[in-house]
Amino acid sequence: MAIVVYLETEDGNFKKSALEVSSYGRKLADETKTNLYGIAFNSSDPDKIRKYGIDKLVNIKTDHVFDARIFADLLSKNFKELGGTIFITGSSADSRFIFPVVSILLDASYATNVVDFPSGISPLVLKRSAFTNKGFVFTELKTKYKIIGILNNSYGIFESERKLEVKEYMAESQDSNLQVESIKEDEEKISIADAEIVVSGGRGLKGPENWDLVEDLAKTLGAATACSKPVSDMGWRPHSEHVGQTGKPVASNLYIAIGVSGAIQHLAGINASKCKVVINNDPEAPFFKAADYGVIGDAFEVVPKLIDGLKKFKSR
Ligand SMILES: Cc1cc2nc3c(=O)[nH]c(=O)nc-3n(C[C@H](O)[C@H](O)[C@H](O)COP(=O)(O)OP(=O)(O)OC[C@H]3O[C@@H](n4cnc5c(N)ncnc54)[C@H](O)[C@@H]3O)c2cc1C
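Conventions adopted
Per-chain numbering applies: the sequence of each chain, read as written, is numbered from 1 onward. Reporting in this predicted model follows two pLDDT cut-offs: at least 70 for local features of residues, and 80 or more for side-chain atom pairs to be given and counted; totals over whole chains, interfaces and linings ignore these cut-offs and use all residues. Each side-chain value is derived from all of the structure's non-hydrogen atoms; neither hydrogens nor water enter the calculation. A pair is scored as a salt bridge if a Lys or Arg side-chain nitrogen falls within 4 Å of a carboxyl oxygen belonging to Asp or Glu. Per the convention used, a helix needs a DSSP run of H or I reaching at least four residues, while a strand needs a run of E reaching at least two, with both numbered from the N terminus. For every residue, the accessible area (1.4 Å probe, protein chains only) is compared with the maximum for its type, and the residue is labelled buried under 20%, exposed over 50%, or partly exposed between those bounds. Throughout, a residue-residue contact means that at least one pair of heavy atoms, one from each residue, lies within 4.5 Å. Strand pairing is assigned whenever DSSP identifies at least 2 bridges connecting the two strands. Only the contacting stretch of a helix is used when fitting its axis, a line to C-alpha atoms as for every element, and angles between N-to-C directions run 0 to 180 degrees. Only a single heavy atom is needed: when it lies within 4 Å of a molecule or strand, its residue is near that molecule or strand. In protein, a polar contact means a hydrogen-donor-capable atom and an acceptor-capable atom, both N or O and within 3.5 Å, with residues adjacent in sequence counting only if both atoms are side-chain atoms; elsewhere, any N or O pair within 3.5 Å suffices. We get accessible surface area from the Shrake-Rupley algorithm with a probe of 1.4 Å; when it comes to residues, only the shown protein chains can shield them. Classification used: nonpolar for Ala, Val, Leu, Ile, Met, Phe, Trp, Tyr, Cys and Pro, charged for Asp, Glu, Lys and Arg, polar for all others including Gly. The directions from the helix axis to the C-beta atoms are what the arc is built from.

Draft legend 1. Examining the pattern of salt bridges more closely. All told, the structure shown has 17 salt bridges when counted by the stated rule. Where D55 meets R26, a salt bridge forms, and the shortest distance between an N and an O atom there is 3.1 Å. Note that D55 is positioned in the loop between β4 (35-41) and β5 (56-61) and R26 in helix α1 (residues 16-31), a separation of 29 residues in sequence. Its relative accessible area of 13% is what places D55 among the buried residues. In this structure, the salt-bridge partner of R50 is D47, at a minimum N-O distance of 2.5 Å. The class of R50 is partly exposed, set by a relative accessible area of 22%.

Here it is as structure tokens:
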């Protein structure tokens, strides 16, 4: 028996969620007195994971563009070779594409949206966020192979240095007839999935010309930027920033919503955030009922003052 974690990388670097998945796996491995193995794609510095409790890392080298079936196949094969029984992953969009396929290939049960640490592995009962984060369900995984998909920021990152062994695994090359065009994302931007803090803007900001407010606040806080659905539908912001039921899920530690009404479909995607702050000039806006802190006021007055105050606080 071994516990195996899928360590997601971006441009060769381990994502923050990989460190959280490792920390979770380490604790489970310690409690069950077993080894913790990791599998990553194209890590350029595998040694960086040493601090987070991995005993052995299989670094799969592949030139394949993202394809859930191919990646799932590689993960399943390596999981079995490592003697894995429990597979732990994060909750990124890529993971949610790959792991349903892994679960079919391994004939494994798969619990997504896991928000807590299990009290044991026999039985393995997992607390999961459900009903768009309005409640919890407890799910028992009973199959031989089990997959745990943890929500970002639900466990935390803990260091535990190990004597790491790294094995390189060369995957087959991609079909050379396939032409791949890549688009580089803005390198300075923090991704919504990995962000500790997200600053989000809604239709209350009136137009794209006013987004410097959201961006300035995000920059001051080291946050990612997001928006409501109508904002991206109108082309004020890219679709990659749309959060909510039909957009990206957010599970940040702090979520600041500016000029967002708090419609049920928006809240569905951000409910897992730990602390929600709303700035809205309508005291009846539904967001106030879901928020931990609220400022009733005009965003065009409140946000510049907030940025100013934060800058002064940071320079002290
Ligand atoms: C099937 C379906 C799926 C959907 N999925 C999503 C989704 O994933 N994500 C999503 O966001 N929406 C989604 N929606 C849309 C959702 O129902 C709302 O229409 C949308 O979230 C509203 O966006 P908003 O809050 O930016 O705009 P509005 O509802 O127009 O709210 C703007 C808010 O700004 C405030 N405001 C105005 N001026 C100021 C000011 N100067 N200062 C401060 N506040 C101000 C107003 O009081 C208001 O509360 C979905 C809808 C459907 C039907």
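Draft legend 2. Up close: the environment of T112. If you trace the backbone, T112 turns up in strand β7 (residues 109-114). When the C-alpha positions of T112 and L28 are compared, they lie 17 Å apart, and in sequence the two are 84 residues distant. Discounting residues that sit within four places of it in the chain, T112 has contacts with R128 and G149.

Draft legend 3. Inspection of the sheet that holds strand β14 (residues 254-258) at higher detail. With respect to topology, five strands assemble into an open sheet ordered β13-β12-β14-β15-β16, the strand pairing being parallel. This sheet does not close on itself; its edge strands, each paired only once, are β13 (224-227) and β16 (293-296). Here the average twist between neighbouring strands, direction ignored, is 15°. Note: strand β12 (residues 197-201) against β14, five bridges, orientation parallel. The residue of β14 that forms the bridge with V198 is Y255. Together, β12, β13 and β14 form the strand contacts of helix α4 (residues 212-221), whose direction differs from that of β12 by roughly 175°. Sitting on the sheet, helix α8 (residues 299-315) touches β14, β15 (275-280) and β16, and the angle it makes with β15 is about 130°.

Draft legend 4. Seen up close, the site of the ligand. Taken together, the neighbourhood of the ligand is formed by 26 residues, with R203, S228, T246, S261 and Q265 sitting nearest. Within the side chain of S228, one N or O atom sits 2.6 Å away from an oxygen atom of the ligand. At 3.0 Å, a backbone N or O of Q245 approaches an oxygen atom of the ligand. Protein contacts shield 75% of the accessible area of the ligand, which totals 990 Å² for the unbound molecule. Classifying every residue of the shell around the ligand gives six nonpolar, 15 polar and five charged.

Draft legend 5. Structural detail: the environment of L105. Looking at the secondary structure, you find L105 in helix α3 (residues 93-106). Between the C-alpha atoms of L105 and S76, which are 29 residues apart in sequence, the distance is 6.8 Å. Every residue in contact with L105, bar those within four places of it in the chain, is listed here: A72, D73 and S76.

Draft legend 6. α4, seen in detail. Inspection of α4 places L213, V214, L217, A218 and T220 among the buried residues, and these make up the whole buried set. Mapping the buried residues of α4 onto a view down its axis gives an arc of 160°, with all of them on the same face. Contacts made by the buried residues of α4 are with β12, β13, β14 and α8. Where α4 ends, the next residue or the one after it, G222, has phi of about 70°, a positive value.

Draft legend 7. Examining the pairing of strand β6 (residues 84-89) more closely. In terms of residue burial, β6 counts as a mostly covered element, since six of its six residues are buried. For β6 and strand β10 (residues 146-150), the ladder comprises four bridges, and the chain directions are parallel. Bridge assignment links F87 to a residue of β10, and that residue is I147.

None of the figures reported here should be taken as evidence of function without further support.
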